[in-house]
Amino acid sequence: MTITPVRPSCTRGPLIAVEGITGVGKTYLTHHALDALDDQAPDENSPGAKPLLLDGFSQRAGKRPDLGEALLGVLREASSGDPFLRGGTPLAETWLLLAIKRYDLDTVIAELSRGRAVFEGRSVDTTAVCQALLLHPETPSTALETAKALLDFASSYRPLPDLTILITDDARAAIARTQQRDQRVLTPEQARFMGEACALYERLAATDPARYRVIDRRIVDEHQAAELIRAWTHNARSGLGCVCEPWQGPGAGCIYCGRRADVTPA
């Protein structure tokens, strides 16, 4: 007798990541899209409530005195002000960054369980892209394979986002916005790293079109971008299956609704 798992629809909300290099407008466009969402359920505990936004690393300094912020503070101190948290030990830093992303998921499981959508302002994809570049700075093809391997490793201890929205642009435009916004001049090496990360994000997204949606600001204006994010968020709410912890075996309960996967004899 063969046992075939059946994935029933889950009552959870979708986990949506917004990725891209700094300066492409992730925060601005996401807020713009969320403002445009019809809030049919004003109660924040209702499934129709507006999504919860979990800030990316750069927006979180000092906001949340918790384990994730403590680990992030250690990385900031070790990187001596580097905007990409590079402290010279990229592999060890990778594990710390992925640990923070697991912690971030733990903090929003209750919201997802109530059916609320959650936006991660940068998720495990950013860690995979940036750390792969640090490990293989001179070989783009190897960096891509390493980024995929890091995502595969990350998926062994936490579910990947249901949907990843990559916002991309001409790297020079993003660098100019970053320098104007932060009132700082990036070094040539930092600007080059941003450009390489921009290219690697796009190559990585092309390997998994089922999970990624791409907004290219070179051809999409901000109003169109916000509408795409709103529409993708609406569509992501339907057809969600139960999710088990990756390290648990068949028949484990969903981390959101607690239901075990049904089985039927073939």
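All of the points below concern the structure found in this document. A quick note: this is a predicted structure, and the numbers were derived from the prediction, not measured.

What to know about the overall build of the chain
Next, step 1: Summing up its helical and strand segments, the chain has eight helices and seven strands in all.
Next, step 2: Here the chain, with 266 residues, has 47% of them falling under the buried criterion.
Next, step 3: Put simply, of all contacts in the chain between residues at least 6 apart along the chain, 75% involve residues at least 24 apart.
Next, step 4: Accessible area for the chain stands at about 12,800 Å²; split by element, carbon and sulfur atoms hold 56% of it.

Quick notes on helix 2 (residues 67-79)
Next, step 1: Compared with an ideal rise of 1.5 Å per residue, which puts 13 residues at 18 Å, helix 2 spans 19 Å between its outermost C-alpha atoms and is within 8% of the ideal.
Next, step 2: Taken together, the buried positions of helix 2 are Gly68, Glu69, Leu72, Leu75 and Ser79. Taken around the axis of helix 2, the buried residues stretch over an arc of 120 degrees, which confines them to a single face.
Next, step 3: Those residues of helix 2 that are buried lie in contact with helix 3 (90-113).
Next, step 4: N-capping of helix 2 is provided by Asp66, with a side-chain oxygen placed 3.3 Å from the backbone N of Gly68.
Next, step 5: Count one or two residues on from helix 2 and you reach Ser80, which has phi positive near 55 degrees.

Structural notes on the environment of Ile21
Next, step 1: Along the chain, Ile21 turns up in the loop between strand 2 (15-19) and helix 1 (26-36).
Next, step 2: Sequence separation between Ile21 and Tyr201 is 180 residues, and the spatial gap between their C-alpha atoms is 8.4 Å.
Next, step 3: Aside from chain neighbours lying at most four places away, what touches Ile21 is Lys26, Arg122, Ala171, Ala174, Met194, Ala197, Cys198 and Tyr201.

Some thoughts on the nonpolar core
Next, step 1: By size, the foremost hydrophobic cluster in this structure holds 48 residues, and its most contacted members are Ile21, Ile165, Ile167, Ile215 and Ile229.
Next, step 2: Take this core: its biggest share by element is eight residues, from helix 7 (residues 188-206).
Next, step 3: For Ile229, the residues in contact, after removing those within four places along its chain, are Leu29, Thr30, Ala33, Phe119, Ile165, Ile167 and Ile215.
Next, step 4: One finds Leu15, Val108, Cys254 and Tyr256 within the second-largest nonpolar core, a separate group that totals 13 residues.

A short note on the packing of aromatic side chains
Next, step 1: Inspection of every chain in the model, using the stated rule, returns three aromatic pairs.
Next, step 2: Where Trp95 meets Phe153, the ring centres are 5.0 Å apart and the plane angle is 50 degrees; that geometry is what we call tilted. Note that Trp95 is positioned in helix 3 and Phe153 in helix 5 (residues 140-154), a separation of 58 residues in sequence.
Next, step 3: For Trp95, a relative accessible area of 39% gives the class partly exposed.
Next, step 4: Ring geometry for Phe153 versus Tyr157: centroids 6.1 Å apart, planes at 55 degrees, classification tilted.
Next, step 5: Taking NZ or CZ as reference, Arg86 lies 4.8 Å from the ring centre of Phe193, over its face.
Next, step 6: The aromatic ring of Tyr212 is capped on one face by Arg211, whose charged end is 4.6 Å from the ring centroid.

Scoring rules and cut-offs
- Residues numbered from 1 in each chain as written.
- Predicted model: local features only at pLDDT ≥ 70, side-chain atom pairs only at ≥ 80, totals over all residues.
- Heavy atoms only, no water.
- Helix = DSSP H or I, 4+ residues; strand = E, 2+ residues; numbered from the N terminus.
- Buried < 20%, exposed > 50% of the residue type's maximum accessible area, 1.4 Å probe, protein only.
- Contact = heavy atoms within 4.5 Å.
- Areas by Shrake-Rupley, 256 points an atom, 1.4 Å probe, with all protein chains shown as cover.
- Expected span 1.5 Å × (residues − 1).
- Arc of directions from axis to C-beta.
- Polar contact = N/O pair within 3.5 Å; in protein donor to acceptor, adjacent residues only side chain to side chain.
- Core = buried A, V, L, I, M, F, W, Y, C linked by side-chain atoms within 4.5 Å.
- Phe/Tyr/Trp six-rings, centres within 6.5 Å; stacked < 30°, edge-to-face > 60°.
- Lys NZ or Arg CZ within 6 Å of the ring centre and 35° of its normal.

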